[in-house]
Amino acid sequence: YWNLWWIKTALVDNLRSPFVTDLLYYPTGVNLYFHTLNPFNGLLTLPLQLSAGLIPAYNAVVFFSWVMGGYGVYLLTGWILGSRYSLLGTHRQLPNLQSPSSIQLSAFLAGLIFTFSPFHMAHLLGHMQVMSLQWIPFYVLYLLRAMEQSGRGQPWLRSALMAGLFLTLTGLCDWYFVLYLFLFTGLVIGWRWMLGIRDWRVEIGECMVTQSPISNLQSLFSYLRPPLIAGLLFLLLLAPILVPMIREATQFSFMVRPTTDLYVFSASLADFFVPNRLHTLFRPESFNWIGNQIAPPSEKTISIGYLPLLLALMAAWKDRRRAAFWLISAVFFLLMALGPRIHIGNITQADVPNAGAISMEWTPYAILNRLIPFMRISRSVSRYALMVQLCMAVTAGLGFAAWLRSRPNNHQSPNLLVSLSSCLFVALLILAEFWVAPYPISPPDTPAFYTQLATMPESGAVLNVPMNYDRPGYLLYQTVHHKPLTVAYISRDDPRTYTERAPVLQHFRHLGADILDIDPARVGMTVLH
């Protein structure tokens, strides 16, 4: 809520960059490069905020991300089903036995699963940057299209540039997502390379030609061009943000969270296979089911869903060539979500080791965390479940299409009414499995004192107590009183602020003695002045 307000305040009221503010951690100010600012949402809803206020602007973000995210998966699944060539399976033509109506219905179910997935619904509880996942399927779609077009010698540059554009939009929502797509792109390239080391037989005209190893390398390079172009465009467009972030990350380490967080915020395997924890019939007891017992509900509500899982198994059985990559990708990101140590059942505080123990782990996450620069800045490991959900949604769409295709003579004379009825029935079952209504919502609960504070003519900054940790509610109150804050939530603690360096403020912050042996009651007013 504050992020939307600050984007408007910075760009419209102050005519300045929104990535640096003096309204937080007054009087030093602080930069917001590592804060979950999600500037895309602020820019998107700026006209609505100016004309109707903050609440309609916030709700618009919710509806926009829900509709566009599902639509992106709909387009992605439809493209996979409609293509007679499988970039991620084989160069040979696939039998095109799917009717246009069954493609659209299957793609619709995939979008429905992605949109109403427990992961998506859980992060509506306040993580605006996480619920803004709408550009991820668009990037995947245009990346795969560009790579297929390049590999077949067709014009590919436009699709690659579109992939770069959607990667840029993803970065303006959440940097975590950029990391996920970086890993996904690596999976696509690796999968294509594994297929390339086999003895390819490529259709050229009416002939089947066996490629030489050199031809295989040349073909692999043709698949590398689109992601390189997309990545270059991403770096070019976001350079004004990325350059200061890289400079900060190389000079300071405050944005790297303690290694214990990687264990607290990782997933258990059970978290993926229990029913939806947010389901109306199960909550709140469901928050104590088997799985991660120390993470907040939003970080462990990552159920795949039993019906999507059943449809994915149908795809694995009936359409292996199309489904294999998506299933393997789902397994990879599931292993990543398990974090530096794999847990099958419960994760308790006793399972969290001392700081630094991650160096001894050899899980996929721990290995990549050591190898990939800046990956250690992230901490919410279980959010890799987003990519699990994307891959499973696509695979479920493939499974439903395979089921329609397997019906007797369906590919010869498809019965639209039967297909439509089947899709509606499955959609209702999915909604019933993911049902979360009534959803817990609340209006902004700013105390009346802050409205009164806004009318006070005195200058100065607001020091909210308690301040032993950063309560985001204080940001909400600032959207009413508009005065600078001495302390605030910015996702990462910055040791350069007075909160960590000044007596009295340190007493309030850490609730313990300062390195300077002074009586805070005696010098407190002097320090504050």
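Residues numbered from 1 in each chain as written. Predicted model: local features only at pLDDT ≥ 70, side-chain atom pairs only at ≥ 80, totals over all residues. Heavy atoms only, no water.

Peer 1: Residue-level account of the overall build of the protein, with values.
Peer 2: Along its length, the protein carries 25 helices and six strands. By its C-alpha atoms, the protein is 90 × 50 × 50 Å across when sized along the principal axes. Looking at the 529 residues of the protein, the share that counts as buried comes to 54%. Within the protein, contacts between residues separated by at least 24 positions form 75% of all contacts whose residues are at least 6 apart in sequence. Summed over all atoms, the accessible surface of the protein reaches about 23,900 Å², with 66% contributed by carbon and sulfur. Computed over 34 positive and 25 negative side-chain charges, the separation of the two mean positions in the protein equals 12 Å. (Helix = DSSP H or I, 4+ residues; strand = E, 2+ residues; numbered from the N terminus. Buried < 20%, exposed > 50% of the residue type's maximum accessible area, 1.4 Å probe, protein only. Contact = heavy atoms within 4.5 Å. Areas by Shrake-Rupley, 256 points an atom, 1.4 Å probe, with all protein chains shown as cover. Lys, Arg positive; Asp, Glu negative; His and termini not counted. Charge placed at Lys NZ, Arg CZ, Asp CG, Glu CD.)

Peer 1: So, unusual backbone geometry: which residues are in play, and what are the values?
Peer 2: Residue Pro284 is reached from Arg283 by a cis peptide bond, and omega for that bond is 5°. Topologically, Pro284 is positioned in the loop between α14 (269-273) and α15 (297-300). Non-glycine residue Leu15 carries a positive phi angle of around 50°. Looking at where Leu15 falls in the secondary structure, it is placed in the loop between α1 (2-13) and β1 (20-21). Phi angles above zero are rare outside glycine, and Asn38 is one such case at about 35°.

Peer 1: Which residues make up helix α12 (residues 239-251), and what are the values?
Peer 2: In this model α12 runs 18 Å from its N-terminal to its C-terminal C-alpha over 13 residues, within 8% of the 18 Å that 1.5 Å per residue would give. Buried within α12 we find Ile241, Leu242, Pro244, Met245, Glu248 and Ala249. (Expected span 1.5 Å × (residues − 1).)

Peer 1: Help me get a handle on the side chain of Thr115, residues and values and all.
Peer 2: Locating Thr115 in the fold gives a position in helix α5 (residues 100-115). The class for Thr115 is buried, based on a relative accessible area of 7%.

Peer 1: Help me get a handle on the pattern of salt bridges, residues and values and all.
Peer 2: In this structure the tally under the stated criterion is 11 salt bridges. Residues Arg379 and Asp261 are paired through a salt bridge, measuring 3.4 Å at the closest nitrogen-oxygen approach. Taken together, the positions of Arg379 in the loop between α18 (364-371) and α19 (385-406) and Asp261 in helix α13 (residues 259-264) put the pair 118 residues apart, joining distant regions of the chain. Of the residues examined, Arg379 reaches a relative accessible area of 21% and is grouped as partly exposed. (Salt bridge = Lys/Arg side-chain N within 4 Å of Asp/Glu carboxyl O.)

Purely geometric stuff here, so don't read any function into it on its own.
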